[in-house]
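Letter by letter, the chains look like this.
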Amino acid sequence: MAQALGAGTNPSQTLSLNFKLISHHTLDGFGGVGEGMGLQKTKDGRRIMWLGHEGPPKNFTGVDVTDPKNPRYVKFVEMPSNNWTIQLTLHDNLLFTAMERQALSWGGDPNKPFNEGVLIWDISDPENPKQLSHWKTGATGTHRNSYPGGRYAFLSAGMPGYAGAGNILVILDVSDPRNPKEAGRWWMPGQWKAGGETATWKGRAHRCHHPIRMGDRLYTSYWHGGGFIIDIADMSKPKTVSAIDWSPPFPWPTHSLVPIPFPIYGHRWMLVADEDVHEADEPCLAVGAVDERELPGPLLVSDMDVAAGRAERVAGGAVRRGDLHPGVGVDLRVAAELPRSEEHTSE
């Protein structure tokens, strides 16, 4: 059901600044929309917004937003219990839904079976999505994936034999979406336990979180392992270009590295967001502007922190920062002129 809503009448009801809420769709009561959404333009000119749910009974939902004042439900796709389908990615008529065990804190049961991997869908007919294939990791499934179009998809895949919940970068050849095949993989040195590697890093949960492609590079967040820029000119042999890791002083895991698709003052730039996954007394790096130089490495030149204890709450639930859309548009000209904070950077 679509509802037309007005702005809040007082500051306690206002959750935005200089934005106007146009409409609201209740998704027929099946909310719980997770971190995945994508916009499809169909051959007949419609715009379909696809939304991934945080868990069963829904996998993903399509909403026709051609008229943004009157969004219209198109399709619900069901999901078996004990599965997490928090993220999706799409380009043209191919849609990819991640699948992994539902987290315990979100109602998952470790003693029950679950599905894992990534499902590939044909959404050329939005009212009737067709599953083309189901690629499996053989372990814990996939978490956050990206498909920018073309031959390859890029997965945060929980693979057998790897530390950090097993999540590494897997490059999937989807030139035949009915028969996807692994084309390459990359992992943080020390993750491959089955190959005899031993982790030398300090900390915990070093794992691939979200790979984003621009050109021949992947910008890959690695949770408590920071982030990596990876050369994928040869998809079968990805190699490290450079890395960032600012813990300390920031204690939070790195959620996303989003490259800016144009140079600023002759430099490459990216936005980096950490995620405040639980309440703590330390500030969270909401977003940082990073100069993407290769040697000695990327440099954080400005940041916007979320002060400790300042997490917003809506209807009793915390609003967690961290997610940046890969297609984000931003003006960073001023960022290049901001003073560098010695506390947050190193030469």
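Residues numbered from 1 in each chain as written. Predicted model: local features only at pLDDT ≥ 70, side-chain atom pairs only at ≥ 80, totals over all residues. Heavy atoms only, no water.

J.: With reference to specific residues and values, describe the pattern of salt bridges.
T.: Taken as a whole, this structure holds 10 salt bridges when the rule is applied. Note that D64 is salt-bridged to R46, the shortest N-O span being 3.8 Å. With D64 in strand 5 (residues 58-64) and R46 in the loop between strand 3 (33-41) and strand 4 (47-53), the pair connects residues that are 18 residues apart, well separated along the chain. Here R46 falls in the buried class, since its relative accessible area comes to 16%. Residue E127 pairs with R46 through a salt bridge whose shortest N-O separation is 2.9 Å. Of the two residues, E127 is situated in the loop between strand 10 (117-122) and strand 11 (130-135) and R46 in the loop between strand 3 and strand 4; the sequence distance between them amounts to 81 residues. Relative accessible area serves as the criterion here: at 27%, E127 is assigned to the partly exposed category. Each member of the salt-bridge network shares a partner with another, and the members are D44, R46, D64, R72 and E127. (Salt bridge = Lys/Arg side-chain N within 4 Å of Asp/Glu carboxyl O. Helix = DSSP H or I, 4+ residues; strand = E, 2+ residues; numbered from the N terminus. Buried < 20%, exposed > 50% of the residue type's maximum accessible area, 1.4 Å probe, protein only.)

J.: For the confidence of the model for the protein chain, give the residues involved together with the corresponding values.
T.: Overall, the prediction assigns the protein chain a mean pLDDT of 81, with 80% of residues at 70 or greater. For residues 1-12, every residue scores under 50 in pLDDT, and the model assigns this stretch 16 contacts once sequence neighbours within four places are set aside. A low-confidence stretch, residues 327-347 (pLDDT under 50), is modelled with 36 contacts involving residues beyond four sequence positions or located in other chains. (pLDDT = per-residue confidence, 0-100. Contact = heavy atoms within 4.5 Å.)

J.: Residue-level account of the pairing of strand 14 (residues 167-173), with values.
T.: In terms of residue burial, strand 14 counts as a mostly covered element, since seven of its seven residues are buried. A two-sided burial pattern is seen for strand 14, the buried positions comprising N167, L169, I171 and D173 on one face and I168, V170 and L172 on the other. Pairing between strand 13 (residues 152-158) and strand 14: seven bridges, direction antiparallel. From the neighbouring strand, G158 faces strand 14, where its bridge partner is N167. (Pairing = 2+ DSSP bridges.)

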